[in-house]
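Okay, here's what each chain looks like letter by letter:
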Amino acid sequence: MLKAVFFDLDGTLIHMDEKKFLEIYFGTMESWTKTCGYDGERFISGVVAGTRAMYKNEGKATNEDVFWQHFGAAYGSVSEDEKQVMDDYYNGEFEKTLTACSGTPEAREIIKFCREAGLITVLSTNPLFPRTATLQRMALSGLSEADFHLVTSYENSSYCKPNPAYFTDLLHYFDLAPCEVLVFGNNTFEDGECALGAGIKCFVIETEDLIESDKATHDFERIKITEVIDTIRKKLQ
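How each quantity is defined
- Along each chain, the written sequence defines residue order, and numbers are assigned to residues from 1.
- Confidence filtering applies because this is a predicted model: local features only for residues at pLDDT of at least 70, side-chain atom pairs given and counted only at 80 or more, and all residues used for totals across whole chains, interfaces and linings.
- Only hydrogens and water are set aside; all other atoms, that is, all heavy atoms of the structure, feed into the side-chain values.
- Labels follow the DSSP assignment, with helices taken as runs of H or I lasting at least four residues and strands as runs of E lasting at least two, numbered in each case from the N terminus.
- For this measure, only C-alpha atoms enter the radius of gyration; the expected value for a globule follows 2.2 Å times N^0.38, where N is the number of residues.
- For every residue, the accessible area (1.4 Å probe, protein chains only) is compared with the maximum for its type, and the residue is labelled buried under 20%, exposed over 50%, or partly exposed between those bounds.
- Should any heavy atoms of two residues lie within 4.5 Å, those residues are considered in contact.
- For accessible areas, the Shrake-Rupley method is used with a probe of radius 1.4 Å. Any residue's cover is judged against the shown protein chains and nothing else.
- Charge counting follows a simple rule: Lys and Arg are positive, Asp and Glu are negative, and His as well as the terminal groups are ignored.
- A charge is said to be at NZ when it belongs to Lys, at CZ for Arg, at CG for Asp and at CD for Glu.
- Think of it this way: DSSP has to see at least two bridges between two strands before they count as a pair.
- Axis lines are fitted to C-alpha atoms, over the contacting stretch for helices. Their N-to-C directions set the angle, which ranges from 0 to 180 degrees.
- What counts as a salt bridge is simple: a side-chain nitrogen of Lys or Arg found within 4 Å of a carboxyl oxygen of Asp or Glu.
- Our angle categories are set so that under 35 degrees counts as roughly parallel, over 145 as roughly antiparallel, 65 to 115 as roughly perpendicular, and the remainder as oblique.
- In a left-handed crossing the near helix is turned counterclockwise from the far helix by less than a right angle, and in a right-handed crossing that turn is clockwise.
- In this count, Pro and Cys sit with the nonpolar residues alongside Ala, Val, Leu, Ile, Met, Phe, Trp and Tyr, while Asp, Glu, Lys and Arg are called charged and the others, Gly among them, polar.

Engineer: Provide a residue-level description of the overall build of the protein chain, including the pertinent values.
Structural biologist: Per the secondary structure count, the protein chain includes nine helices and eight strands. Taking 18 Å as the expected radius of gyration for a compact globule of 237 residues, we find that the protein chain reaches 18 Å, a close match to that expectation. Overall, the C-alpha framework of the protein chain stretches about 60 × 35 × 35 Å when taken along its three principal axes. Looking at the protein chain as a whole, 51% of its 237 residues qualify as buried. A fraction of 73% describes how many contacts in the protein chain between residues 6 or more apart in sequence connect residues 24 or more apart. Here the protein chain displays about 11,100 Å² of accessible surface, and carbon together with sulfur accounts for 48% of that area. Computed over 23 positive and 39 negative side-chain charges, the separation of the two mean positions in the protein chain equals 3 Å.

In structure tokens:
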């Protein structure tokens, strides 16, 4: 029996030009840190090191703790000053990255349907960003934290996709069996293979944001975002 639905964010519930997003993200972060008196390039090297470490996190600490540990190792130091600079960036200049994103008209209706159907509804976005950065992107589709039972972020997660432990951890958190969950995402590897590794069925959303990874070894069922509600409804019958 279906009890929960997990949704990816970027490229699924919102549109994202990933290349443009990353260009703006690193460009604005470097400029901001220079404005704050830091070596921008060195600061970015710390961010990259921290992000790479989060991808490899095996659950012994939160992604946030892992990020700052490896940021400090690459940057040379880490203090509350650096953390404040990052907080200020995400609450300010980060907004410019949203020009690389846009809302998906169907997203709000889909989440509303899931909640009204009594399903546990999770925003299973890859938890590489702090909560505030995720909330800003969600808002493009008219979504808020209150629409979900959980929104994963680097503060509350200890794994990242494509590690299947990311989804296994969510199963344990909600006391769910894999057969009781559906995953919807746009990446055949980070969503599809990752969910499959945890025993969960994944539907790949076919949009202009579809990411066909050469690392994916399975052929996942493809649907349009306009078919998501009917797909869930059939699983409830």
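Engineer: Could you give an account of the sheet that holds strand 5 (residues 150-151), naming the residues involved and the relevant values?
Structural biologist: Pairing within the open sheet is parallel, and its six strands lie in the order 5-4-1-6-7-8. At either margin of the open sheet sits one strand with a lone partner, and together these are strand 5 and strand 8 (222-223). Here four bridges tie strand 6 (residues 181-185) to strand 7 (residues 201-205), and the two strands are oriented parallel to one another. Opposite V183, over in strand 7, you have C202 as the bridge partner. Seen against the sheet, helix 5 (residues 107-116) touches strand 1 (4-7) and strand 4 (120-123) and runs at an angle of roughly 160° to strand 1.

Engineer: Quick one: what's the story with the pattern of salt bridges, residue by residue and with numbers?
Structural biologist: Applying the stated rule across the entire model yields 13 salt bridges. In this structure, D147 and R108 form a salt bridge, with 3.1 Å as the shortest nitrogen-oxygen distance. Taken together, the residues D147 in the loop between helix 6 (131-138) and strand 5 and R108 in helix 5 connect sequence positions 39 residues apart. In this structure, K201 and E221 form a salt bridge, with 3.5 Å as the shortest nitrogen-oxygen distance. Taken as a pair, K201 in strand 7 and E221 in the loop between strand 7 and strand 8 lie far apart in primary sequence, 20 residues in all. With relative accessibility at 35%, the residue K201 sits in the partly exposed group.

Engineer: Quick rundown of the side chain of N163? Include the residues and the values.
Structural biologist: Its location among the elements puts N163 in the loop between strand 5 and helix 7 (165-174). With sequence-adjacent residues up to four places away left out, N163 is seen in contact with N57, E58 and C194.

Engineer: Residues and numbers for the packing of helix 3 (residues 63-75) against helix 4 (residues 80-90), please.
Structural biologist: Helix-helix packing is described using two parameters, namely the angle between the two axes and the distance between the axes. Between helix 3 and helix 4, whose axes approach to 12 Å, the crossing angle comes to 115°. On the basis of their axis angle, the class for helix 3 and helix 4 is roughly perpendicular. Crossing geometry of helix 3 relative to helix 4 is assigned as right-handed. Every residue of helix 4 that contacts helix 3 at F67, W68, F71 and Y75 is listed here: E82, K83 and M86. Along the lines of polarity and charge, the residues of the contact of helix 3 with helix 4 split into five nonpolar, no polar and two charged.

Spatial relationships are all this shows, so hold off on functional conclusions.
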